[in-house]
Amino acid sequence: MEIDSKTEQLAAHYKEILKLLGEDNQREGLLKTPLRVAKAMQYMMKGYDENPEEILRSALFKEDYRQMVIVKDIEVYSMCEHHLLPFYGRAHVAYIPNGYITGLSKIARVVETFARRLQVQERMTYEIKNCIQNTLHPLGVAVVIEAQHLCMMLRGVQQQNSVTTTSDFSGAFSNIATRDEFIRLISSKLH
Ligand SMILES: [Zn+2]
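Rules used in this analysis
Residues numbered from 1 in each chain as written. Predicted model: local features only at pLDDT ≥ 70, side-chain atom pairs only at ≥ 80, totals over all residues. Heavy atoms only, no water. Pairing = 2+ DSSP bridges. Helix = DSSP H or I, 4+ residues; strand = E, 2+ residues; numbered from the N terminus. Donors = N, O, S within 2.8 Å, 3.2 Å for Na, K, Ca; no water. Salt bridge = Lys/Arg side-chain N within 4 Å of Asp/Glu carboxyl O. Expected span 1.5 Å × (residues − 1). Buried < 20%, exposed > 50% of the residue type's maximum accessible area, 1.4 Å probe, protein only. Phe/Tyr/Trp six-rings, centres within 6.5 Å; stacked < 30°, edge-to-face > 60°. Lys NZ or Arg CZ within 6 Å of the ring centre and 35° of its normal.

**Student:** Can you walk me through the pairing of strand S3 (residues 85-96) in this structure?
**Tutor:** A regular strand places its side chains on the two faces of the sheet in alternate fashion. Inspection of the sheet shows strand S2 (residues 69-80) paired to S3 by ten bridges, in the antiparallel sense. For Val-76, the partnering residue across the bridge sits in S3 and is Gly-89. Between the antiparallel neighbours S2 and S3 lie four residues, among them Leu-84 with a positive phi of about 50°. Relative to strand S6 (residues 140-149), S3 runs antiparallel, the two being bridged by ten bridges. When the sheet's bridge partners are listed, Gly-89 is paired in S6 with Ala-147.

**Student:** Where do I start with the coordination of the zinc ion in this structure?
**Tutor:** The reference angle at a metal is 109.5 degrees if four donors form a tetrahedron and 90 or 180 degrees if six donors form an octahedron. The protein atoms that coordinate the zinc ion are Cys-80 (SG), His-83 (ND1) and Cys-151 (SG), at distances of 2.1 to 2.3 Å. Read from N- to C-terminus, the donor residues coordinating the zinc ion fall into the pattern C-x2-H-x67-C. Here Cys-80, found in strand S2, pairs with Cys-151, found in helix H6 (residues 150-154); they are 71 residues apart in sequence, far enough to count as distant.

**Student:** How should I be thinking about the pattern of salt bridges in this particular structure?
**Tutor:** Working definition: two side chains of opposite charge can pair if their charged atoms are close together. Counted under the stated rule, the structure contains eight salt bridges. A salt bridge links Lys-46 to Glu-50, with the nearest nitrogen and oxygen atoms 3.7 Å apart. The partner of Lys-129 in a salt bridge is Asp-168, with the nearest N and O atoms 3.3 Å apart. You can see Lys-129 sitting in helix H5 (residues 121-136) and its partner Asp-168 sitting in strand S7 (residues 164-169), a full 39 residues away along the chain. One salt-bridge network, in which partners are shared between bridges, spans Lys-46, Glu-50, Glu-112 and Arg-116.

**Student:** I tried to follow helix H4 (residues 104-115) on my own but got confused; where do I start?
**Tutor:** Three- or four-residue spacings in an α-helix give side chains the same orientation, since the helix completes a turn every 3.6 residues. Along its twelve residues, H4 runs 17 Å from first to last C-alpha, staying within 8% of the 16 Å computed at 1.5 Å per residue. Every buried residue of H4 is listed here: Ile-107, Val-110, Val-111, Thr-113, Phe-114 and Ala-115.

**Student:** Where do I start with the packing of aromatic side chains in this structure?
**Tutor:** For any pair of aromatic rings, the description rests on two quantities: the centre-to-centre distance and the angle between the ring planes. Throughout the structure, instances matching the rule amount to three aromatic pairs. On the basis of an interplanar angle of 85° and a centroid distance of 6.2 Å, the ring pair of Phe-169 and Phe-182 is categorised as edge-to-face. You can see Phe-169 sitting in strand S7 and its partner Phe-182 sitting in helix H7 (residues 176-187), a full 13 residues away along the chain. Of the two residues, Phe-169 and Phe-182, neither departs from the other in class, the shared state being buried. The residue whose ring lies beneath Arg-179 is Phe-169, and the NZ or CZ to ring-centre distance is 4.2 Å.

Following this line, the structure appears as structure tokens:
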């Protein structure tokens, strides 16, 4: 199998890192580790090569439905840009269509595209909101993300159970009743 030069360069750096960490990078268990890590990192950063607005535009449908559309419990696996450690949890996304709807799976794809980059949870939250707002031009967008950060769990404060919640809203969701309905619907266990 051919390995592209970017993967090879990454692997060379990881080999060096293993040595700097005090390991014997020639021992059997570690021989292929640099290459595996390089490939894993490239997979986890694949969002840089994807265009989330294009993903939404690829499935735009004219529709008169003007009630809230909610996609909840979207699994999120991302990487904290401060420590290069994962954070993971769930995203809940809603929008109120204004003439156009998009495929439901596309909403999850948008979340994944932003998650597969170096991130902070706060920025990812509004990037998802802005992307949907700027592409679908709906009456409003709501995004809530709940996540646990390995950088908090493994080191420093060692907060094993703390969950970070971020939210961002646009348009009709600045109305408190609309926002409350969204929060009630994502909190319910109806499914
Ligand atoms: Zn961190």
